[in-house]
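Now for the letters of each chain:
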Amino acid sequence: MAQFDERPARVESLTGLRWFAAFFVFIHHAANLAPIRWITVWSWLGVSGVTFFFVLSGFVLTWSWFPKDRARRFYWRRFARIYPLHFVTTLLAIPIFYGSVQSFQKPMNIGAIALTLALLHAWIGTTTYYFGGNPASWSLSDETFFYAIFPKAIRRICRSTTGQSLQLALVALMVMWLVLVLVNTVHLPHLISVLLIHSPLYRALQFVLGICVGVAVRVGWRPRIGFWPAVGLLGLGLLSLAIWARVPSLQKIIPGTSIMDQVTAPLYALVIATAAVRDIAGRPSFLRRPWLVTLGHWSYAFYLTHATVLYGLRLLNGGVMKQGIVINAAATLGALGMSIALAGVLYRFLEHPVEGKLRGMLPPLDSAANPAR
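Heads up: these notes are all about the structure in this document. These numbers come from a predicted model, not from an experiment.

Focus on the side chain of Gln262
- Mapped onto the fold, Gln262 is located in helix 14 (residues 260-280).
- A polar contact is formed between the side chain of Gln262 and the side chain of Tyr202, at a distance of 2.9 Å.
- With residues near it in sequence (within four places) discarded, Gln262 still touches Met176, Trp177, Leu180 and Tyr202.

Regarding the nonpolar core
- Membership of the largest hydrophobic core comes to 101 residues, with the highest contact counts inside it found for Leu14, Phe52, Phe59, Phe150, Leu209, Ile211 and Tyr303.
- Looking at which element gives the most residues to this core, the answer is helix 14, with twelve residues.
- Once you skip the residues sitting within four places of it in the chain, Leu14 turns out to touch Leu56, Phe59, Val60, Ile272, Ala275 and Ala276.

Quick look at the state of the cysteines
- Counted according to the given criterion, the structure contains zero disulfides.
- The cysteine Cys158 is free of any disulfide, with Cys212 supplying the nearest cysteine sulfur at 11 Å.
- Residue Cys158 is classed as buried on the basis of its relative accessible area, which comes to 4%.

A look at a nonpolar patch on the surface
- A contiguous nonpolar patch, built from Val41, Trp42, Ile225, Leu233, Leu236, Leu239 and Ile243 and spanning about 590 Å² of accessible area, is present on the exposed surface.
- Looking at the nonpolar patch, the elements with two or more residues in it are helix 3 (37-43) and helix 12 (227-245).
- In terms of residue count, helix 12 provides more of the nonpolar patch than any other element does, four residues in total.
- For Ile243, the location among the structural elements is in helix 12.

Quick look at the packing of helix 5 (residues 71-97) against helix 6 (residues 110-117)
- Two elements in contact, helix 5 and helix 6, have axes separated by 10 Å at closest approach and are oriented at 155°. With respect to helix 6, the element helix 5 is oriented roughly antiparallel. For helix 5 against helix 6, the interelement crossing comes out right-handed. Across from Tyr83, His86, Phe87, Thr90 and Ile94 in helix 5, the residues of helix 6 making contact are Ile113, Thr116 and Leu117.
- Of the residues that constitute the contact of helix 5 with helix 6, the class distribution is five nonpolar, three polar and no charged.

Details of the pattern of salt bridges
- In this structure the tally under the stated criterion is six salt bridges.
- Where Arg288 meets Asp279, a salt bridge forms, and the shortest distance between an N and an O atom there is 2.4 Å.
- On the accessibility criterion, Arg288 (30% relative accessible area) is partly exposed.

Conventions adopted
Residues numbered from 1 in each chain as written. Predicted model: local features only at pLDDT ≥ 70, side-chain atom pairs only at ≥ 80, totals over all residues. Heavy atoms only, no water. Helix = DSSP H or I, 4+ residues; strand = E, 2+ residues; numbered from the N terminus. Polar contact = N/O pair within 3.5 Å; in protein donor to acceptor, adjacent residues only side chain to side chain. Contact = heavy atoms within 4.5 Å. Core = buried A, V, L, I, M, F, W, Y, C linked by side-chain atoms within 4.5 Å. Buried < 20%, exposed > 50% of the residue type's maximum accessible area, 1.4 Å probe, protein only. Disulfide = S-S within 2.5 Å. Patch = residues over 30% accessible without salt bridge, like charges linked within 9 Å, V, L, I, M, F, W, Y side chains within 5 Å. Areas by Shrake-Rupley, 256 points an atom, 1.4 Å probe, with all protein chains shown as cover. Salt bridge = Lys/Arg side-chain N within 4 Å of Asp/Glu carboxyl O. Axes fitted to C-alpha atoms, helices over the stretch in contact; angles between N-to-C directions. Parallel < 35°, antiparallel > 145°, perpendicular 65-115°, else oblique. Left-handed = near helix turned anticlockwise from the far one by under 90°. Nonpolar A, V, L, I, M, F, W, Y, C, P; charged D, E, K, R; others polar.

Taken by themselves, the reported measurements are silent on function.
Shown next, in the form of structure tokens:
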């Protein structure tokens, strides 16, 4: 584990990439307020932004991990990182998503809210629960499971050679395809939703993929293609999914929405790896521009609040906007601006300072390495 004893290079480009993934998810949800026809037909692809976050999480935690770290310290840092903002944004979301047929048509459910605050709601296979409290937070329930398994997983995977870690990444992808085939064979739409969208066990395969690619890069693997070709391949993958979803004969085989993760997860992993390699080599990257890094820092708060803003505006409007393209586009841009502003305020006055204070409660660790972030 000699490579893991050394301080890794900073990879700020990955922070910039986080913003684009969060924005992709926003575009998907924006149709719930002000649909724009020529965007809505493509916006369902924005769901894959969550897949990006799961792969990125595995990569980033691996990138900043060091052998002297201990599980308790890691768990406390993760708690400091995600929970305070999760708690506050859930409280902000409750008035919007409960008690109004114009918002999310959900009756008050104390059990669902309690499980949400405990970050256990994605384990319950109904929308009442995995969309409980703040619907956007279901992915945090998955992330909590990832954090639980990370300390043991990384200590095993970090012993791998480049070839072994990439082979394990391939195994994770093969299992994803196997689950997809099995679920579609039984033809149970509810099971597809539970297993292929929200299940922490299934989504952990994407997290493990990120860990494996992170280990491979840290021990010396360098993709043979650059960042922009990787982005081009991602674009082709998304275009292929969009075409697949519009061909009825292909939809009868496997719906395009079902194969989204299988297509995008390896492509996102490649984009992440090539962006990191550019930073390691010290090459210029627009992703490291200060304004984009700032948006990347705000992306967590943006992700947790954008749906609350969208549905809050929908509530004020009395339902989905049915105006022309100009007015709906203006409303979408307005919601985007409000979501960014709210995210900036939450990051500046809640997320960042509270995380710093909680982390400061840890005793100092005699190590020159960075703590995992």
